[in-house]
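# Survey of secondary and tertiary structure
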Amino acid sequence: MITKKILVMLMDVAIVGATGYTGAELLRLLARHDDVDVCYITSRREAGKHVFKVHPHLKGVDKYKELYFVGDVDKVDADIVFTATPHGVSMSVVPKFLERGVRVIDLSGDYRFEDLSLYEKYYNIKHVGLPDVKIAYGLPELNRENIKKAQLVANPGCFPTGAILAIAPLVKEGLIEERVIFDSKTGVSGAGVNPTETTHFPNVNENITPYKITKHRHAPEIEKELNKIGRVKVSFTPHLAPITRGILTTAHAFLTEDISDNDIIDIYNEFYGREFFVRIFSDDIPRLTYVRGTNFCDIGGFEVDCHGRVVVVSCIDNLVKGASGQAIQNMNIMCGFREEEGLLDIGLNP
Ligand SMILES: NC(=O)c1ccc[n+]([C@@H]2O[C@H](COP(=O)([O-])OP(=O)(O)OC[C@H]3O[C@@H](n4cnc5c(N)ncnc54)[C@H](OP(=O)(O)O)[C@@H]3O)[C@@H](O)[C@H]2O)c1
């Protein structure tokens, strides 16, 4: 019997910072991506260890059976590199990859701002400067064409993803007054893998804690991206909720025209009609469990009160659409893969 072997060329990808939550989530999602091979993962703390030792939940993934952490980022060689590192660290490693012609998707805030003075004000560190390559803000639903051509994609922040998608259609149509208020509740994994007093179980459990009430660094990111499609002034307050994953955002704005709930639903259906990862809930309120583990952004609520206030609710998984899933969606767009490849999980409800 003659066996026909079809050789498929896989693209080599690497993850810098693969012990963290978003790095682990990249590994979970890429395990089922048919077009890529994960060839390097880095860690300072776990160098030399096998990936299953640090991430036991990945045990049994055949394509990772020879995958070990490397400590030296300079050893990393790949076609695409995900930098899942803290802000400040990304800007010290990304330029080295770009100089070698490697395309990079950075999950930190380091390359999200064209105006570095805004970055320095909110991140409180000096920026080394933007590289001379094509950089795209990686929110595919609003910026797909730029992502296709980019050498460096600045993956959006988790709160900005849910907030921008929640209100973009009304901003684009010019149907709301200038001021928009976002109230968000986030799960604890948003704070990364290292425990702190704030994320300590007794402090989180049975509490909802507002933080950085008016000064969160995601506020200017949301505002500057929305101002690319309309005119808005953004107020944003995040809250820490006793959940592991997920961000629920309630957006409040005031309408400039007398339009109904149904008109608003039509606008959202039209705006996101072709977007696989945005699901419009026309007669329901989204829930975090519907999106848990998925790359979906669910948007619903859609009500106008007697004062002309419109309320829209969005839900995402902060580690998937808010980070690693969106990063893979961006890679798929950059490389011409099917946009949904590796991202077809369904929500873990309940
Ligand atoms: N968590 C979220 O929901 C979320 C959402 C959107 C965006 N982000 C952004 O994504 C990035 C990663 O977030 P995360 O939550 O995954 O963070 P994390 O859990 O704290 O992990 C950070 C990773 O970076 C590595 N690292 C830290 N300092 C390093 C250095 N100097 N050189 C090389 N590697 C270094 C760590 O590896 P070792 O310590 O093992 O070396 C670790 O693997 C951050 O910029 C964050 O703001 C996070």
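Residues numbered from 1 in each chain as written. Predicted model: local features only at pLDDT ≥ 70, side-chain atom pairs only at ≥ 80, totals over all residues. Heavy atoms only, no water.

Looking up the protein chain in an unreviewed UniProt entry gives the name N-acetyl-gamma-glutamyl-phosphate reductase, with the organism given as Methanocaldococcus vulcanius. Quoted verbatim from the Function (unreviewed entry) heading of the UniProt record, the comment on the protein chain is "Catalyzes the NADPH-dependent reduction of N-acetyl-5-glutamyl phosphate to yield N-acetyl-L-glutamate 5-semialdehyde." (UniProt positions renumbered as here; feature names shortened; annotations may be inferred.)

### A few points about the sheet that holds strand β6 (residues 135-137)
Taken together, 7 strands build an open sheet; the order of strands is β3-β2-β1-β4-β5-β7-β6 and the sheet is parallel. Lying at the two open borders of the sheet, with one neighbouring strand each, are β3 (69-70) and β6. Direction of pairing for strand β1 (residues 11-16) relative to strand β4 (residues 80-83): parallel, over a ladder of 4 bridges. The residue bridging I15 from the neighbouring strand is F82, located in β4. (Pairing = 2+ DSSP bridges. Helix = DSSP H or I, 4+ residues; strand = E, 2+ residues; numbered from the N terminus.)

### A word on the UniProt feature "active site" (unreviewed entry) in the protein chain
Summarizing the sequence annotation, UniProt attributes the feature "active site" (unreviewed entry) to C158 in the numbering used throughout. What C158 contacts, discounting residues up to four positions off in sequence, is H218, I247, I316, N318 and G322. (Contact = heavy atoms within 4.5 Å.)

### Focus on the site of the ligand
Taken together, 25 residues surround the ligand, and among them T19, T22, S43, R44 and T85 come closest. Within the side chain of R45, an N or O atom sits 2.9 Å from an oxygen atom of the ligand. A distance of 3.4 Å separates an oxygen atom of the ligand from a polar backbone atom of L107. Alone, the ligand offers 900 Å² of accessible surface; in the complex the protein occludes 84% of this. Mapped onto the shell around the ligand, the elements with two or more residues apiece are α1 (21-30) and α11 (320-335). (Near = heavy atom within 4 Å. Polar contact = N/O pair within 3.5 Å; in protein donor to acceptor, adjacent residues only side chain to side chain. Areas by Shrake-Rupley, 256 points an atom, 1.4 Å probe, with all protein chains shown as cover.)

### Quick word on a negative patch on the surface
Residues E173, E257, D258, D263, D266 and E270 make up a contiguous surface patch of negative charge. Structurally, E257 is set in the loop between β11 (247-255) and α9 (261-271). (Patch = residues over 30% accessible without salt bridge, like charges linked within 9 Å, V, L, I, M, F, W, Y side chains within 5 Å. Salt bridge = Lys/Arg side-chain N within 4 Å of Asp/Glu carboxyl O. Lys, Arg positive; Asp, Glu negative; His and termini not counted. Charge placed at Lys NZ, Arg CZ, Asp CG, Glu CD.)

### Here we look at the domain arrangement of the protein chain
Taken domain by domain, the protein chain comprises domain 1 (11-133) and domain 2 (158-319). Computed over C-alpha atoms, the centres of domain 1 and domain 2 are 27 Å apart. Listed per partner, the contact involves 14 residues of domain 1 and 15 residues of domain 2. In this assembly, domain 1 packs against domain 2 so that about 1300 Å² is buried in total across both faces, 57% of it on carbon and sulfur atoms. Contact with domain 2 buries surface across domain 1, with Y21, R112 and Y122 losing the most and accounting together for 43% of the total. Linking domain 1 to domain 2 there are 4 salt bridges. (Domains from an automatic or database assignment. Buried area = accessible area lost by both parts, 1.4 Å probe.)

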